[in-house]
Amino acid sequence: MFNIRNFAVVDDAEENRNAAKQACTELYPQATIHQFSSGREFIKSLKNGLDVDLVLSDMSMEERHSRYVVAIESWARGIPAVIVSGGINHGKDYVLVGYPELRLGGTKNSPLVWGEILNHVLSQEESMNGVAFQLGQGVRRSVPDYNFGEVCAVVTAFTVLRDI
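Notes on the structure follow.

The rules we used
Residues numbered from 1 in each chain as written. Predicted model: local features only at pLDDT ≥ 70, side-chain atom pairs only at ≥ 80, totals over all residues. Heavy atoms only, no water. Buried < 20%, exposed > 50% of the residue type's maximum accessible area, 1.4 Å probe, protein only. Helix = DSSP H or I, 4+ residues; strand = E, 2+ residues; numbered from the N terminus. Pairing = 2+ DSSP bridges. Arc of directions from axis to C-beta. Contact = heavy atoms within 4.5 Å. Phe/Tyr/Trp six-rings, centres within 6.5 Å; stacked < 30°, edge-to-face > 60°. Lys NZ or Arg CZ within 6 Å of the ring centre and 35° of its normal. Expected span 1.5 Å × (residues − 1). Polar contact = N/O pair within 3.5 Å; in protein donor to acceptor, adjacent residues only side chain to side chain. Salt bridge = Lys/Arg side-chain N within 4 Å of Asp/Glu carboxyl O.

**Regarding the pairing of strand β4 (residues 81-85)**
Within β4, five of the five residues are buried, leaving the element largely enclosed by the surrounding structure. Going residue by residue along β4, you find Ala81, Ile83 and Ser85 tucked away on one face and Val82 and Val84 tucked away on the opposite face as well. As judged from the four bridges shared by strand β3 (residues 54-58) and β4, these two strands associate in the parallel manner. By the bridge assignment, Leu56 is partnered in β4 with Val82.

Rendered as structure tokens:
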């Protein structure tokens, strides 16, 4: 298990954020869960010094490309980000998880689905999972590397989008 002290959950639906928080708290009872209703809100906090270990971001939020900006800003600072979508449109009966790729039955307002997401993302071999590798390294960048952030954001989104 990784030493995760702080999660960021970025999703425009409150019920999804609350379900994610419940699952994170069950797996990591000592962790702090920061909730954000938009990518813009999260990025502002990140630039103001928010310290998080893992970002769980919705795919569709206030702007079409919010997910990419959240992923770019996170990965550029050495913070792994995972994009999670409730299918092609909200309300589908499956959830897609990017980096590592996964399709789950259920919806994002279920703590059980979030528990499956976290178990999948956090229990993989580091050599097979960029999120686990980054968490294992624990390296934060004082100066963001946006080239690295953009590459990871594209890979993150591609693993989700290619399965739709």
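**A few points about helix α2 (residues 39-47)**
Of the positions making up α2, those classed as buried are Gly39, Phe42, Ile43 and Leu46. Taken end-on, α2 shows its buried residues confined to a sector of 95°, consistent with a single buried face. For α2, the exposed residues lying more than 90 degrees away from the buried face are Arg40 and Lys44. The positive-phi residue at the C-terminal boundary of α2 is Gly49, with phi of around 105°.

**Observations concerning the side chain of Lys108**
If you trace the backbone, Lys108 turns up in the loop between β6 (102-105) and α4 (111-122). Setting aside residues up to four positions removed in sequence, Lys108 forms contacts with Asp11, Glu15, Asn16, Ala19, Asp58, Val84, Ser85, Gly86, Val95 and Trp114.

**Some points on the packing of aromatic side chains**
Geometry of an aromatic ring pair is reported as the spacing of the ring centres plus the angle between the planes. All told, the structure shown has three aromatic pairs when counted by the stated rule. Over the ring of Phe148 we find Arg141; its NZ or CZ atom is 4.4 Å from the centre of that ring.

**Thoughts on α4**
Between its first and last C-alpha, α4 extends 16 Å over twelve residues, near the 16 Å set by a 1.5 Å rise per residue. The N-cap residue of α4 is Ser110: its side-chain oxygen and the backbone nitrogen of Leu112 are 3.2 Å apart.

**Regarding the pattern of salt bridges**
Tallied over the entire structure, the rule returns seven salt bridges. A salt bridge links Arg140 to Asp53; the nearest nitrogen and oxygen atoms lie 3.1 Å apart. Within this pair, whereas Arg140 is found in the loop between α5 (130-137) and α6 (146-161), its partner Asp53 is found in the loop between α2 and β3, the two being separated by 87 residues in sequence. Relative accessible area serves as the criterion here: at 5%, Asp53 is assigned to the buried category. We note a salt bridge from Glu73 to Arg77, for which the minimum N-O separation is 2.5 Å. Accessibility expressed as a relative area gives 8% for Glu73, which makes it buried.

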